[in-house]
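Observations on the model geometry
The primary structure of each chain is shown beneath.
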Amino acid sequence: MAIAAVLTVVATAVYGPKGFLFGLVGGFIIDQVTKLMNPELDNLSGGATTTVKESSPTQKIVYGKTRVGGSIVFVDITGTDNEYLHLLICFASHEVEDIEKIYFNDKEAWNSGSGGTKVSPFNAVISGAGGNPDDPYVTVDLVKGSQTGAIGALVSRSSYWTTDHKNLGHTMVYLRLMWDSGDGSNGEGKSNSLFPQGIPNVTALIKGKKVYDPRKDSTSAVYDSSLGTSTHRLATASTWEWSQNPALIVRDYMTDDKFGLKDSDSLINLASLAAAANICDQSVTLADSSTQKRYECDGRIDSGKTIKTNLEGLLASMAGTLVYSGGEYFINAGAYVSPSLTLTESDI
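Since we're looking at a predicted model, the values are computed, not measured.

**Points about the overall build of the protein chain**
Counting secondary structure elements, the protein chain contains 7 helices and 19 strands. If you take every contact in the protein chain between residues at least 6 apart in sequence, the share linking residues at least 24 apart comes to 61%. Carbon and sulfur atoms provide 52% of the accessible area of the protein chain, an area that totals close to 17,000 Å².

Written as structure tokens, this is what we have:
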């Protein structure tokens, strides 16, 4: 059954007085209006932090580390009294390094510390990690894009989700939220305080896509042993590492054969790429004597925008330029270059 059809069937079946329902319908409408009024939400200034219901979302790429909203691609409600709400949210269309934190509205609900840390008041736990029928109110399952099968916890809880629903290559979070309508006595009715406005806006702090660094490839002409890594290989994505380096991210987007420019790797001038990457990695001393790298890129780009727009955003993160000359692309980072012109009497 198509996801869009599932959404329609489930939403119709659960229409009633439950507290989750108002949030489900009202929240989705508000999110859609917000999206229409703010067409530039998905930009590189920090990423969109609104989660919306979409049956056919555009593809998203997360680079660096940023907090982003996602697309709700599946909804179901189960339980004797319809007390369990199941949400599957897609945050990226590729494998990511990690999902570090999950937020409900602007409150941290879960983090990855020590394999998963409960955060009050939600006390979310990974499915199967314990708790009686009334606790936890929130269970979490993380899918970081390397999955080979469907999410087992969701398959076991929803008749609409089967082992054929694998969503390969997508980064997702499956949440089960519990609603009880008690008056607060005997430990009941806690969800009234946890979810006072219905479904919360769910966002995640994500360390995004892994990228290739020719400086860490011992077979590359620009290999740099001082970086301490020699195992990157252009043809083997599993050897790549997460990075916030804008120059490496530009190269990745230009050669991405799914959502990027789809250019051949041979068209990227390695010497200019390595020089730009080194400039980005330079340590800069701030006014308080602390240091940081000269340029970093943290954000999300959307396949719904033009490649030109996305590429301009990536280049802007390092005050950079992209020049095509002599059959090659030269990636440049913004930095001062000492003049090298020598004037003699013959120039007068």
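**A closer look at the nonpolar core**
Ranked by size, the top nonpolar core spans 33 residues in total, and within it F104, V138 and L175 carry the most contacts. Breaking this core down by element, the ones donating at least two residues are β4 (71-78), β5 (84-92), β6 (98-104), β7 (107-111), β10 (138-144), β11 (171-178) and β12 (202-207). Discounting chain neighbours no more than four positions away, the residues touching L175 are L85, H86, L87, I89, F104, V138, T139, V140 and V202. In terms of nonpolar packing, the next biggest core, distinct from the first, is built from 26 residues, I61, L248, V250 and C297 among them.

**Side note on the packing of helix α5 (residues 246-255) against helix α6 (residues 270-281)**
Here α5 crosses α6 at 140°, and the two axes come no closer than 7 Å. Taken together, the axis directions place α5 and α6 in an arrangement best described as oblique. Listed contacts from α6 to P246, A247, L248 and R251 of α5 are L273, A276, A277 and C280. Partitioning the contact of α5 with α6 into residue classes produces 7 nonpolar, no polar and 1 charged.

**A short note on the pattern of salt bridges**
Enumeration according to the criterion identifies 15 salt bridges in this entry. K101 is the partner of E108 in a salt bridge, and the nearest nitrogen-oxygen pair spans 3.7 Å. Here E108 falls in the partly exposed class, since its relative accessible area comes to 22%. One salt bridge in this structure joins R233 and D217, with 3.0 Å as the shortest N-O distance. Here R233 is found in the loop between β13 (210-211) and β14 (241-242), whereas its partner D217 is found in the loop between β13 and β14, with 16 residues between them in sequence. Note on R233: relative accessible area 29%, which makes it partly exposed. Several salt bridges converge on common partners, so that one network encompasses D213, R215, D281 and K293.

Cut-offs used in this document
- Residues numbered from 1 in each chain as written.
- Predicted model: local features only at pLDDT ≥ 70, side-chain atom pairs only at ≥ 80, totals over all residues.
- Heavy atoms only, no water.
- Helix = DSSP H or I, 4+ residues; strand = E, 2+ residues; numbered from the N terminus.
- Contact = heavy atoms within 4.5 Å.
- Areas by Shrake-Rupley, 256 points an atom, 1.4 Å probe, with all protein chains shown as cover.
- Core = buried A, V, L, I, M, F, W, Y, C linked by side-chain atoms within 4.5 Å.
- Buried < 20%, exposed > 50% of the residue type's maximum accessible area, 1.4 Å probe, protein only.
- Axes fitted to C-alpha atoms, helices over the stretch in contact; angles between N-to-C directions.
- Parallel < 35°, antiparallel > 145°, perpendicular 65-115°, else oblique.
- Nonpolar A, V, L, I, M, F, W, Y, C, P; charged D, E, K, R; others polar.
- Salt bridge = Lys/Arg side-chain N within 4 Å of Asp/Glu carboxyl O.

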